[in-house]
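# Notes for the structure review
If you want the building blocks of each chain, they are given just below.
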Amino acid sequence: NDPGNSSVFYTSLTDAFEAINTNGIAGDITLYINGDINQSTNVGLINSSNYTISIRPDSDVDRTITFSQATDNAGPPGALCIGIKNSIAWADLAQAKNIVIDGFAEGGNTRRLKIATSATHHGGNGPILLINDCSKIQIKNTIIYHEGASSGSSNYGVYLRCNTAYGTNKMPSDVLIENNHIT
């Protein structure tokens, strides 16, 4: 659902993240994944506010987000990229903090959210990237699956990195990766 307006629904992470990246947030928000998402483009998310963005399943049933972009990004490699805008171009690195990916539905205790890449996805773009000035990031209770790909080299499920030629030259910090199943 939309930041500040629970009656608006998005059909892709691209649209939801673009709304957040462009408008910011004025309070804590939760993006509930209410069905499987076939995401044909990689996405980026930023948050410079002190409010929290949570991503989780809407109910205690399995939900899968599958990335299938066959080409590499213009900037850093990754499918769900935290610390860069949707363009995923090096010039668009920006602060990202207070972001939670939680695979449990509210009140649940079973991993229900799966973030995966497809066999046609560019192999260099693993499921989750945290880049540069990211802090207070939590990835928990989630199934993270990087499918072997036909192009590029399949290499990671969660990637934390810094690029000294762009942005703040600061590694992600205060990151919690807990109780995930990573393949």
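A brief structural summary. Please read all numbers here as calculations on a predicted model, not as lab measurements.

### Some words on the overall build of the chain
Tallying secondary structure elements over the chain gives one helix and 14 strands in all. The C-alpha radius of gyration computed for the chain amounts to 15 Å, which stays within 12% of the reference 16 Å derived for 183 residues, consistent with globular compactness. Taken over 183 residues, the chain has a buried fraction of 52%. With the model as given, the accessible surface of the chain reaches about 7900 Å², and the carbon-plus-sulfur share is 45%. Positive and negative side-chain charges in the chain, numbering 11 and 16 respectively, have mean positions lying 5 Å apart.

### Regarding the layout of surface pockets
For the largest pocket, the calculated volume is near 230 Å³. In this structure, the largest pocket is lined by 14 residues; those nearest its centre are Tyr10, Tyr32, Ile33, Asn34 and Ile37. Only helix 1 (13–23) and strand 1 (29–33) provide two or more residues apiece to the lining of the largest pocket. It is strand 1 that provides the largest number of residues to the lining of the largest pocket, a total of three residues. Partitioned by chemical class, the residues of the lining of the largest pocket number eight nonpolar, five polar and one charged.

### Considering the environment of Tyr156
Tracing the sequence through the fold places Tyr156 in the loop between strand 11 (143–146) and strand 12 (158–161). Its relative accessible area of 11% is what places Tyr156 among the buried residues. When the C-alpha atoms of Tyr156 and Ile182 are compared, they prove to be 9.1 Å apart, with 26 residues separating the residues in sequence. Each residue touching Tyr156, except ones within four places of it in the same chain, is listed here: Pro77, Gly78, Gly124, Asn125, Gly126, Pro127, Ile128 and His146. A polar contact of 3.1 Å, which involves the side chain of Tyr156, links it to the backbone nitrogen of Gly126.

### Examining the sheet that holds strand 6 (residues 80–82)
Strand order in the open sheet made by the four strands is 3-6-9-12, with parallel pairing throughout. The open sheet is flanked by strand 3 (43–45) and strand 12, the only strands paired with a single partner. Across the sheet, the axes of successive neighbouring strands diverge by a mean angle of 20 degrees, strand direction being ignored. Where strand 6 and strand 9 (residues 128–131) come together, three bridges link them in parallel fashion. Residue pairing for strand 9: Cys81 is matched across the bridge by Leu129. Across the face of the sheet, helix 1 comes into contact with strand 3 and strand 6 while running at roughly 30 degrees to strand 3.

### Some points on the nonpolar core
Counting 30 residues, the largest nonpolar core has Phe17, Ile82 and Ile101 as the members making the most contacts within it. With four residues, the top contributor of residues to this core is helix 1. With residues up to four places along the chain from it excluded, the contact list for Ile82 reads Leu45, Ala96, Ile99, Ile101, Leu129, Leu130, Ile131, Cys134 and Ile137. Core analysis: the second largest hydrophobic core is formed by seven residues, Ile84, Ile88, Leu93 and Leu129 among them.

### A look at the packing of aromatic side chains
Taken as a whole, this structure holds one aromatic pair when the rule is applied. Note on Tyr156 and Tyr159: the rings are 4.6 Å apart at their centroids and 45 degrees apart in plane angle, and the pair reads as tilted. Relative accessible area serves as the criterion here: at 28%, Tyr159 is assigned to the partly exposed category. The positively charged end of Lys114 is found above the aromatic ring belonging to Tyr145, 5.1 Å away from the centroid.

### Focus on the pattern of salt bridges
If you walk through the whole model with that rule in mind, you get five salt bridges. Arg112 is the partner of Asp60 in a salt bridge, and the nearest nitrogen-oxygen pair spans 3.0 Å. With Asp60 in the loop between strand 4 (53–57) and strand 5 (63–67) and Arg112 in the loop between strand 7 (96–102) and strand 8 (113–117), the pair connects residues that are 52 residues apart, well separated along the chain. The shortest N-O distance in the salt bridge between Asp133 and Lys170 comes to 3.6 Å. One end of the pair, Asp133, is in the loop between strand 9 and strand 10 (134–140); the other, Lys170, is in the loop between strand 12 and strand 13 (173–178), with 37 residues separating them in the sequence. For Lys170, a relative accessible area of 40% translates into the label partly exposed. Salt bridges here are not isolated pairs; linked through shared partners, they connect Asp60, Asp62 and Arg112.

Rules and cut-offs
- Residues numbered from 1 in each chain as written.
- Predicted model: local features only at pLDDT ≥ 70, side-chain atom pairs only at ≥ 80, totals over all residues.
- Heavy atoms only, no water.
- Helix = DSSP H or I, 4+ residues; strand = E, 2+ residues; numbered from the N terminus.
- Rg over C-alpha atoms; globule rule 2.2 N^0.38 Å.
- Buried < 20%, exposed > 50% of the residue type's maximum accessible area, 1.4 Å probe, protein only.
- Areas by Shrake-Rupley, 256 points an atom, 1.4 Å probe, with all protein chains shown as cover.
- Lys, Arg positive; Asp, Glu negative; His and termini not counted.
- Charge placed at Lys NZ, Arg CZ, Asp CG, Glu CD.
- 1 Å grid on protein atoms, 1.4 Å probe; cavity = no way out; pocket = protein on both sides within 12 Å on 5 of 7 lines; lining within 4 Å.
- Points joined across faces, edges and corners; volume = space filled by probe spheres on them.
- Nonpolar A, V, L, I, M, F, W, Y, C, P; charged D, E, K, R; others polar.
- Contact = heavy atoms within 4.5 Å.
- Polar contact = N/O pair within 3.5 Å; in protein donor to acceptor, adjacent residues only side chain to side chain.
- Pairing = 2+ DSSP bridges.
- Axes fitted to C-alpha atoms, helices over the stretch in contact; angles between N-to-C directions.
- Core = buried A, V, L, I, M, F, W, Y, C linked by side-chain atoms within 4.5 Å.
- Phe/Tyr/Trp six-rings, centres within 6.5 Å; stacked < 30°, edge-to-face > 60°.
- Lys NZ or Arg CZ within 6 Å of the ring centre and 35° of its normal.
- Salt bridge = Lys/Arg side-chain N within 4 Å of Asp/Glu carboxyl O.

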